[in-house]
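Per-entry structural report
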Amino acid sequence: MTATRVVDLNSDLGEGFGAFRAGDDEALFPLISSANVACGFHGGDPRVMERTVARAKAAGVGVGAHPSFLDLVGFGRRTMAATPDEIRTDCLYQIGALAAFCRAADVPLRHVKAHGALYNLAVKDEAAAGAIADAVRSFDPDLLFLAQPGSALARAGEAAELAVVHEAFADRAYNADGSLVARSQPGAVLTDPRAVAARMVRLVTEGVLTTIDGQELRLTPGSICVHSDTPTAVAIATALRAAFDEAGIAVRPMGSG
C-alpha cells in the first residue's frame with residue numbers, strides 16, 4: 001500500500017548507567033525512527049551515551065537529547081526544587097554533553113525532548129517551559145522541540161521560534177484535557193500491543209483518541225512515543241510498525257522531510 005501519511009516513532013533510550021540497564025534498546029532500534037538519549041541526569045553515562053549514539057547512527061535513527069532533573073535515584077520522575085535558571089542551565093549542560101558525542105560520531109543532533117517530571121512540570125508551568133525552550137534556542141535554534149500540543153511547553157517553544165513537533169504517547173492513557181493520566185493511577189500505562197496499535201492508527205488517520213473516561217480527544221501528532229521501560233515496549237513497537245504498514249503510514253525520523 002502506498003503511504004499517505006508520515007509519522008515519527010520515538011523512544012527514550014540509553015537510560016542505563018554503569019552496570020544498570022533500562023529497557024531493551026537493541027530490540028527497539030530497528031523499530032523506531034528517533035531516539036531521545038538520556039544525558040546523565042536521570043540515566044546514561046559517558047560510555048552509554050557514546051554507545052547509544054553509535055547504535056542510532058548504525059540503525060539510521062535520528063538522535064535527540066533527553067534532559068531531565070538531576071535524579072538518578074528516582075529515574076527523573078520526581079519533581080525537584082529548581083529555579084527557572086537552574087532548569088535552563090541544567091538543560092543546556094545536558095544538551096551540550098550529548099552534542100559532544102554526536103559531533104565525535106559525525107551524527108546530527110536533531111531534537112530535544114525533556115524527560116519525566118521535568119516534561120510533566122513544563123506541560124503546565126510557564127516558567128519551567130520557558131527555561132527549557134531558552135536552553136534549546138541558545139544552543140541551537142534549529143533543533144526540533146518535542147512537546148505535547150496545547151501545553152505550556154509547546155507555547156514556550158513557539159515563543160522562542162523553535163520548530164515544535166507535537167507529540168503523542170502510545171503507551172499512556174489521556175485525561176479529557178489532553179494531559180497524561182498520572183502513573184500512580186490505575187490504567188495510566190497501556191501494555192496491550194494490539195490495542196495500542198489500533199489506538200495509534202486511529203490517532204494518525206483520524207486525529208482522535210479515546211480518553212480514560214471515554215471522551216474523544218483530538219490531537220495531530222508529528223511524533224509518537226513508546227517508553228522503553230514499559231513492560232511490553234518491544235511488542236508495542238512491533239505491533240505499531242505492522243499496523244502502520246497495513247494502514248499506509250510511513251515511519252520516518254522527524255525533520256527528515
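Structural data are supplied above this passage.
First, a word on scope: everything that follows refers to the structure included in this document. Numbering of residues starts from 1 in each chain and follows the order in which that chain's sequence is written. Note on the predicted model: pLDDT of at least 70 is required for a residue's local features to be given, and 80 or more for side-chain atom pairs to be given and counted; whole-chain, interface and lining totals, by contrast, use all residues. The basis for the side-chain values is all heavy atoms of the structure; hydrogens and waters are excluded.

Two side chains of opposite charge can pair, provided their charged atoms sit close to one another. Put simply, a salt bridge is a Lys or Arg side-chain nitrogen that is within 4 Å of an Asp or Glu carboxyl oxygen. Inspection of the entire model under this criterion finds 10 salt bridges. Close ionic contact of D12 with K113 constitutes a salt bridge, the shortest N to O distance being 3.5 Å. One end of the pair, D12, is in strand 1 (residues 5-13); the other, K113, is in the loop between strand 4 (109-112) and helix 4 (116-124), and 101 residues separate them in sequence. By relative accessible area, which is 3% here, D12 ends up buried. Here R88 makes a salt bridge to D85, at a shortest N to O gap of 2.7 Å. With R88 and D85 both in helix 3 (residues 84-105), this residue pair falls 3 residues apart, about one helical turn. Accessibility here uses a 1.4 Å probe with only protein chains present; expressed as a share of the type maximum, an area under 20% marks a residue as buried, one over 50% as exposed, and anything in between as partly exposed. Owing to a relative accessible area of 44%, D85 belongs among the partly exposed residues under this scheme. The helix count covers DSSP runs of H or I at least four residues long, the strand count covers runs of E at least two residues long, and both are numbered beginning at the N terminus.

At their nearest, the axes of helix 4 and helix 5 (residues 126-139) sit 6 Å apart, and the two run at 115° to each other. For the pair helix 4 and helix 5, the sense of crossing is left-handed. Counted together, L118, L121, A122 and K124 of helix 4 and E126, A128, A129 and I132 of helix 5 form the full contact between these two elements. Note that Gly is not counted as nonpolar here; it falls among the polar residues with everything else outside the nonpolar set of Ala, Val, Leu, Ile, Met, Phe, Trp, Tyr, Cys and Pro and the charged set of Asp, Glu, Lys and Arg. For the contact of helix 4 with helix 5, the residue count by class is 6 nonpolar, no polar and 2 charged. Axis definition: a line fitted to C-alpha atoms, limited for helices to the stretch in contact. Angles are taken between N-to-C directions and run from 0 to 180 degrees. For a crossing to be left-handed, the near helix must be turned anticlockwise from the far one by less than a right angle; the clockwise case is right-handed. The contact definition used throughout considers only heavy atoms, calling two residues in contact when any of these lie within 4.5 Å.

Our next topic: the pairing of strand 6 (residues 163-169). Only strands joined by at least two bridges in the DSSP assignment are considered to pair. Pairing of strand 5 (residues 144-147) with strand 6 involves 4 bridges; the strand directions are parallel. Paired with F145 across the two strands is V164, which belongs to strand 6. Seen with its strands pointing away from the viewer, a crossover is right-handed when the path leading from the first strand over the helix to the second is clockwise. With helix 6 (residues 152-159) bridging strand 5 and the parallel strand 6, this β-α-β connection has right-handed handedness. Pairing between strand 6 and strand 9 (residues 223-225): 3 bridges, direction parallel. Looking across to strand 9, one finds that F169 is bridged to C225.

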